[in-house]
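Residue-level listing of the chains:
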Amino acid sequence: MRAASFLLIMTACGLAPSPDFTGTRTGDGVAPWRDLGPVEVCFGDQFLGPPDSPPGGFCEAITQPQTPCATDGDCRSRESCVCGRCSVAYCSAASDCAEGRVCSFSEHRCDTKCSITDECAAKEDCFNGTCRGRCRSNEDCQGGEVCNSLNFCVVAACSDSGTCLGGERCDVQRTPRQALEPTAIATDDQVILYVEIADQFQLDHRHIYRAVSPDGRLFTVSPPTPILDDGLDDRAPSVIHTAQGWFLYYEYNAGAELRVARSADGVTFSSPMTALAGGTGPS
């Protein structure tokens, strides 16, 4: 799926082996580079969004079941796989939607475009250029939708349940968080991202998290807690992987120290040690 995400830009950087030379220049880690758009990071069942944006999601009936998923193919026609659950995807930019979907900005939903009803799934109509479900009650709608008085399945964007009607909850998909200083390591089967994430309500409290991805675009924070327990100001991770294990270097205590921790698996790290003391910049 494609949803709102924090503004961390990744590029095609030659992580996979390049084919034999054919006369056509390919990405080699130096040039040329191609912008692939925002990285998407799931933090639990929500995406990280820009820190200056409000939470974003849709009102839905509290009786609406949430279907677990691994890919968009596990979900119904208007749904996407949003951090492990099927729902209409929330968007605030065109790039937030998966290929083949467009963002209906007034409703903040990713839609399938259409010209005639035959281009939509069964039990859907082409309404104002997008596929819409018909309904008699909320139970006839898909995740993130409610049934309106015209018997169409629609969405009502929300930031918390206080903006929804009685009997409804706000299913938040995007949570604002500040994420900085990413470093990525490619293994044989995944890309591992180490990134500094600020606490939601105390931006001066920073921790280092680990996220994994099969494709370098869609990441899931794993484990769901910081990989270090070293106070409230761990910043700017830099990781190297050698035959001796994983070594995580990071800034500590507002730049007063450069610290390092070691791990055998890249997940569980030893107690950190000071690698370099003293402030940053000229003395």
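Residues numbered from 1 in each chain as written. Predicted model: local features only at pLDDT ≥ 70, side-chain atom pairs only at ≥ 80, totals over all residues. Heavy atoms only, no water.

Trainee: Can you explain the sheet that holds strand 23 (residues 273–277)? Please cite residues and give values.
Mentor: Within the open sheet, the four strands sit side by side as 20-21-22-23. Their pairing is antiparallel. Either end of the sheet is taken by a strand with one partner, and the two such strands are strand 20 (234–242) and strand 23. The sheet shows a mean angle of 25 degrees between the axes of neighbouring strands, direction not considered. Pairing between strand 21 (residues 245–252) and strand 22 (residues 257–263): seven bridges, direction antiparallel. In the strand pairing of strand 22, Glu 251 is matched with Leu 258. (Pairing = 2+ DSSP bridges. Helix = DSSP H or I, 4+ residues; strand = E, 2+ residues; numbered from the N terminus. Axes fitted to C-alpha atoms, helices over the stretch in contact; angles between N-to-C directions.)

Trainee: Can you explain the pattern of salt bridges? Please cite residues and give values.
Mentor: If you walk through the whole model with that rule in mind, you get 14 salt bridges. The partner of Arg 109 in a salt bridge is Asp 111, with the nearest N and O atoms 3.0 Å apart. For Arg 109, a relative accessible area of 0% translates into the label buried. A salt bridge links Arg 206 to Glu 196, with the shortest nitrogen-to-oxygen separation between them at 2.3 Å. Here Glu 196 lies in strand 17 (residues 191–198) and Arg 206 lies in strand 18 (residues 206–213), a separation of 10 residues in the sequence. An identical accessibility class is assigned to Arg 206 and Glu 196; each is buried. In this structure, a network of salt bridges that share partners links the residues Arg 78, Glu 107, Arg 109, Asp 111, Glu 124, Arg 132 and Glu 145. (Salt bridge = Lys/Arg side-chain N within 4 Å of Asp/Glu carboxyl O. Buried < 20%, exposed > 50% of the residue type's maximum accessible area, 1.4 Å probe, protein only.)

Trainee: Tell me about the side chain of His 207, and please be specific about residues and values.
Mentor: For His 207, the position within the fold is in strand 18. Looking at His 207, the relative accessible area reads 10%, which means it is buried.

Trainee: Run through the side chain of Ser 53, naming residues and quoting values.
Mentor: You can see Ser 53 is positioned in the loop between strand 4 (46–49) and strand 5 (56–61). Overall, Ser 53 belongs to the buried group, its relative accessible area being 15%. Among the polar contacts made by the side chain of Ser 53, one reaches the main-chain carbonyl oxygen of Pro 50 at a distance of 2.6 Å. Those residues in contact with Ser 53, other than ones at most four positions away along the chain, are Arg 174 and Pro 176. (Polar contact = N/O pair within 3.5 Å; in protein donor to acceptor, adjacent residues only side chain to side chain. Contact = heavy atoms within 4.5 Å.)

Trainee: Summarise the confidence of the model for the protein chain; cite the residues concerned and give the values.
Mentor: Counting all residues, the mean pLDDT for the protein chain is 86, and 87% of those residues have values of 70 or more. Note on residues 1–26: pLDDT is under 50 here. Beyond four places in sequence and across chains, it has 75 contacts. (pLDDT = per-residue confidence, 0-100.)

Trainee: I'd like to hear about the environment of Ala 98, residue by residue, with values.
Mentor: If you trace the backbone, Ala 98 turns up in the loop between strand 7 (85–87) and strand 8 (101–104). The sequence separation of Ala 98 and Asp 111 amounts to 13 residues, and the corresponding C-alpha distance is 9.5 Å.

Trainee: Now, about the packing of aromatic side chains: what can you tell me, with residues and values included?
Mentor: Considering all chains together, one arrives at five aromatic pairs under this definition. Each ring, one from Phe 43 and one from Tyr 209, has its centre 5.2 Å from the other, and the planes form 65 degrees; the classification is edge-to-face. Linking Phe 43 in strand 3 (residues 40–43) with Tyr 209 in strand 18, this pair joins segments that are 166 residues apart in sequence. Of the residues examined, Tyr 209 reaches a relative accessible area of 7% and is grouped as buried. An aromatic cluster of at least three residues, connected via ring pairs, comprises Tyr 194, Trp 246 and Phe 269. (Phe/Tyr/Trp six-rings, centres within 6.5 Å; stacked < 30°, edge-to-face > 60°.)

Trainee: With reference to specific residues and values, describe the state of the cysteines.
Mentor: When the sulfur atoms of two cysteines share a covalent bond, that bond is a disulfide. Enumeration over the complete set of coordinates arrives at 11 disulfides. In this model Cys 42 forms its disulfide with Cys 83; the gap between the sulfur atoms is 2.1 Å. A torsion of -95 degrees about the S-S bond marks the disulfide between Cys 42 and Cys 83 as left-handed. On the criterion of sequence distance, the pair formed by Cys 42 in strand 3 and Cys 83 in the loop between strand 6 (80–82) and strand 7 is long-range, its members being 41 residues apart. You can call Cys 42 buried: its relative accessible area is 4%. What makes Cys 83 buried here is its relative accessible area of 13%. (Disulfide = S-S within 2.5 Å.)

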